[in-house]
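A structural walkthrough
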Amino acid sequence: MSSFRVKGGLKLKGEIIPQGAKNEALQILCAVLLTSEKVTIHKIPNIRDVNKLIELLTDMGVKVQKIGPESYEFQADNVDIKYLETEDFLKKASSLRGSVMILGPLLARFGHGRLSKPGGDKIGRRRMDTHFFGFQKLGAEFHYDSKKEIYHIDGQNLKGAYMLLDEASVTGTANIVMAAVMAEGKSTIYNAACEPYLQQLCDMLNRMGAKITGIGSNMLHIEGVKKLKGTEHTMLPDMIEIGSFIGMAAMTQSEITIKDAKIPRLGIIPETFKRMGIKMEFRGDDIFIPSQKHYEIETFIDGSILTVADAIWPGFTPDLLSIVLVTATQAKGTVLVHQKMFESRLFFVDKLIDMGAQIILCDPHRATVIGLDRKYPLKGIRMTSPDIRAGVSLLIAAMSAEGTSIIDNIEQIDRGYQYIDQRLNALGADIVRIN
């Protein structure tokens, strides 16, 4: 198990380019299974979860060729469906949360899917019901072996259907869309997720020959087609990484330019950080964050304490609430952070309290942060990263703290952020990877 040794108190300066979006990549890579023709994808992030999915696709028989630093060609013209029956497949798929999204393409093209219960972050329950509800609406038969925790899905005769999803699940919507694009007849998905990454997936599928309308709304209409062709696709920059860099700049009093941020696709993320008192300038498609000694959290209009809560798109993404929380520790003012979707994502605040932060964990979903306005700097400690987003939040805290911190279990951070130590060191950080 590797660790980061982080020297705190250093100001960073320079430009940084965000990686391709992890959450988009997991959807887009699964979509290559929908066609036997070549699919070229650019801006693929070199991170553990994405690399493990590419390895899984390769084991399934997909031809994979790296044609550039962040570009790959995929061709699924000889997929080995029998591989799904092997223990090797079940073991590899269970270690990766995003593997669930191979089910939609497998049902659409091959009429069969099998998967063990996916793993992923320890952030609370992430139920699969929405995925399977959609598949069943399309006519698939679903079986779950509770002893072995294996899902079996038979989708030999998928037919279009109307469905009202019980939650606007991003991965659930993506999975159902990929199953429906080759189902017979028309499908309507109401209460569909509409995140930019899902819009990207739908646009890509349309270029492949799918017929999807309503993209960007919560009601998608899909007319099934018999075959899809190859295409070329470029990922959006990772909005979670962009938000992380904004918070990091404020915490470390750094002057940073985030390049090629695709600002119109960031929703209310910049505005939310502005409400935390962080100044930023939009320079074309770049975000410039000046060095700030102080930043003050806004209140609501009536003077009450600001609440930042997660919500389905176009609300604030839950993946950035931990960044808002850690950023608030050195702001002036108070904020209530409300994590509605996952009940374990705030369980890293004890580490911040040990570093000197003033945080009240109200319950598993809410934390009140009392900003110290830098009067009492955080101090370096040894801590463990519980999941991807909390890990980066702890890294930001360590970079702003007095003294040296050790962060263990950084494999979690590697799952979501490529070469994060090297990229931040190039800006002036002092992060050493140790075993």
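Throughout what follows, the structure given in this document is the object of discussion.

1. Observations regarding the pairing of strand 16 (residues 286-289)
The two faces of the sheet receive side chains in turn, since in a regular strand these alternate between them. The alternating pattern of strand 16 places Asp286 and Phe288 on one face and Ile287 and Ile289 on the opposite face, and all of these are buried. Examined bridge by bridge, strand 14 (residues 255-258) and strand 16 share three bridges and lie antiparallel to one another. Paired with isoleucine 256 across the strands is isoleucine 289, a residue of strand 16. Inspection of the sheet shows strand 15 (residues 281-283) paired to strand 16 by three bridges, in the antiparallel sense. Within the sheet, the bridge partner assigned to arginine 283 lies in strand 16 and is aspartate 286. Taking the residues between adjacent antiparallel strands as the criterion, strand 15 and strand 16 are bridged by two residues, where glycine 284 takes a positive phi near 65°.

2. Concerning the sheet that holds strand 15
On the basis of which strands lie adjacent, the open sheet formed by four strands has the order 2-14-16-15 and mixed pairing. With partners counted over all chains shown, the strands left at the sheet margins are strand 2 (13-16) and strand 15, one partner each. Ignoring which end each strand starts from, the neighbouring axes of this sheet average 20° apart.

3. What about helix 5 (residues 129-137)?
Since the α-helix turns once every 3.6 residues, residues separated by three or four places project in the same direction. All of the buried residues in helix 5 are Thr130, His131, Phe132, Gly134 and Phe135. Contacts from the buried residues of helix 5 go to helix 4 (103-110), strand 7 (141-145), strand 8 (150-154), strand 9 (162-164) and helix 6 (170-180).

4. Comments concerning the pattern of salt bridges
Taken as a whole and judged by the stated rule, the model has 22 salt bridges. A salt bridge links glutamate 85 to arginine 114; the shortest N-O distance between them is 3.6 Å. Linking glutamate 85 in the loop between strand 5 (71-75) and helix 3 (87-94) with arginine 114 in strand 6 (residues 112-116), this pair joins segments that are 29 residues apart in sequence. The buried category is assigned to arginine 114, whose relative accessible area is 8%. Two residues, glutamate 281 and arginine 283, come together in a salt bridge whose shortest N-O distance is 3.0 Å. For glutamate 281, a relative accessible area of 37% puts it in the partly exposed group. By relative accessible area, arginine 283 is classed as partly exposed at 45%. One network of salt bridges, with partners in common, ties together Glu55, Asp59, Asp88 and Lys92.

Cut-offs applied
- Every chain begins its residue count from 1, and numbering advances along the sequence as written.
- With the structure being a predicted model, the display of local features is reserved for residues of pLDDT at least 70 and the display and counting of side-chain atom pairs for 80 or more, all residues being used for whole-chain, interface and lining totals.
- Here the side-chain values reflect all heavy atoms present in the structure, with hydrogen atoms and water set aside.
- The rule is simple: take the accessible area with a 1.4 Å probe, protein chains only, and divide by the maximum for that residue type; under 20% is buried, over 50% is exposed, in between is partly exposed.
- Each helix is a run of H or I in the DSSP string that is no shorter than four residues. Each strand is a run of E no shorter than two, and both are numbered from the N terminus.
- A pair of strands is labelled paired if DSSP reports no fewer than 2 bridges between them.
- Fitted lines through C-alpha atoms serve as axes, helices being fitted only where they are in contact, and the angles separating the N-to-C directions of these axes extend from 0 to 180 degrees.
- Residues count as neighbours in contact if any of their non-hydrogen atoms are within 4.5 Å of one another.
- Here a salt bridge means any side-chain nitrogen of Lys or Arg lying within 4 Å of a carboxyl oxygen belonging to Asp or Glu.

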